[in-house]
Amino acid sequence: MKIRPMCSLSRLCAVLVFALLATPAWALPVREVAGREAVDAWLKLVDNGEYAESWKATAPLFRESIKQQEWVELISKVRSPLGKVESRTLKALFITDELPDAPPGEYLVAQFQTKFAGREDMAIETVTPMWDNDAQAWYVCGYYIK
């Protein structure tokens, strides 16, 4: 039985795949890192029950669609029964310029698998910030729990 050495193209592909899989978080595109930081800061407000502050930290589009008191009441009804976050794992993070029922813009979609103390099964949380060209920053405009 004769063993052929791996051809150079195959070897190069294997090295590239390994390099992509081993890429550290600091090597992510700057916009995605900034978006993830905005998501984490906003989720911290929500996790701590600082619902009024979480509303203030949203995109103008969000604040125009729901009044602060309505947001506080709505998020309280949804999050309070779930209890504290026991774990949250990022499952998807990507930038898009198209979202259903959303105006044109640049959006980051961050999807997490989250375990809440008051729920037996895992939940899927989706946090969607939009890019504000004037402020040069990401601001949350959508939050969903499934």
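Up top you'll find the structure we're talking about.
Below or above, wherever it landed, is the structure these notes cover. (Residues numbered from 1 in each chain as written. Predicted model: local features only at pLDDT ≥ 70, side-chain atom pairs only at ≥ 80, totals over all residues. Heavy atoms only, no water.)

1. Description of the side chain of R79
By the secondary structure assignment, R79 is in helix α5 (residues 68-79). The residues touching R79, leaving out its near neighbours within four places in the chain, are V46, D47, Y51, V85, R88, F116, E125, Y143 and I145. (Helix = DSSP H or I, 4+ residues; strand = E, 2+ residues; numbered from the N terminus. Contact = heavy atoms within 4.5 Å.)

2. A look at the layout of surface pockets
Within this model, the largest pocket holds a volume of roughly 480 Å³. Taken together, 22 residues line the largest pocket, and the ones lying closest to its centre are F62, C141, G142, Y143 and Y144. Elements with a minimum of two residues in the lining of the largest pocket: α4 (60-65), α5, β2 (107-116), β3 (123-132) and β4 (137-145). It is β4 that provides the largest number of residues to the lining of the largest pocket, a total of 5 residues. (1 Å grid on protein atoms, 1.4 Å probe; cavity = no way out; pocket = protein on both sides within 12 Å on 5 of 7 lines; lining within 4 Å. Points joined across faces, edges and corners; volume = space filled by probe spheres on them.)

3. A few points about the nonpolar core
Residues V39, W42, L43, W71, V127 and Y143 are the most contacted members of the largest nonpolar core, which totals 19 residues. Every element with two or more residues in this core is listed here: α2 (30-47), α3 (51-56), α5, β2, β3 and β4. The dominant element in this core, judged by the number of residues it contributes, is α2, at 4 residues. (Core = buried A, V, L, I, M, F, W, Y, C linked by side-chain atoms within 4.5 Å. Buried < 20%, exposed > 50% of the residue type's maximum accessible area, 1.4 Å probe, protein only.)

4. Concerning the sheet that holds β4
Within a sheet, neighbouring strands are paired by backbone hydrogen bonds and run either parallel or antiparallel to one another. Strand order in the open sheet formed by 4 strands is β1-β2-β3-β4, with antiparallel pairing between adjacent strands. The sheet terminates laterally at β1 (85-96) and β4, the two strands that pair on one side only. If you compare each strand with its neighbour and ignore which way they point, the axes differ by 25 degrees on average. Relative to β3, β2 runs antiparallel, the two sharing 6 bridges. Within β3, the position partnered with A110 by the bridge is V127. Taken strand by strand, α2 contacts β1, β2, β3 and β4, and its axis lies near 40 degrees from that of β2. (Pairing = 2+ DSSP bridges. Axes fitted to C-alpha atoms, helices over the stretch in contact; angles between N-to-C directions.)

5. Quick word on the pattern of salt bridges
Counted under the stated rule, the structure contains 8 salt bridges. For R31, the salt bridge is made with E106, and the minimal N-O distance between the two is 2.2 Å. Of this pair, R31 sits in helix α2 while E106 sits in the loop between β1 and β2, and the two are 75 residues apart along the sequence. Taking the relative accessible area as the measure of exposure, R31 reaches 31% and is therefore partly exposed. Of the charged contacts in the structure, one is a salt bridge between R79 and E125, with a shortest N-O distance of 3.7 Å. Of this pair, R79 sits in helix α5 while E125 sits in strand β3; the two residues are 46 residues apart in sequence, bridging distant segments of the chain. The exposure class assigned to R79 is buried, which follows from its relative accessible area of 4%. (Salt bridge = Lys/Arg side-chain N within 4 Å of Asp/Glu carboxyl O.)

Functional significance is not addressed by these values, which are geometric in nature.
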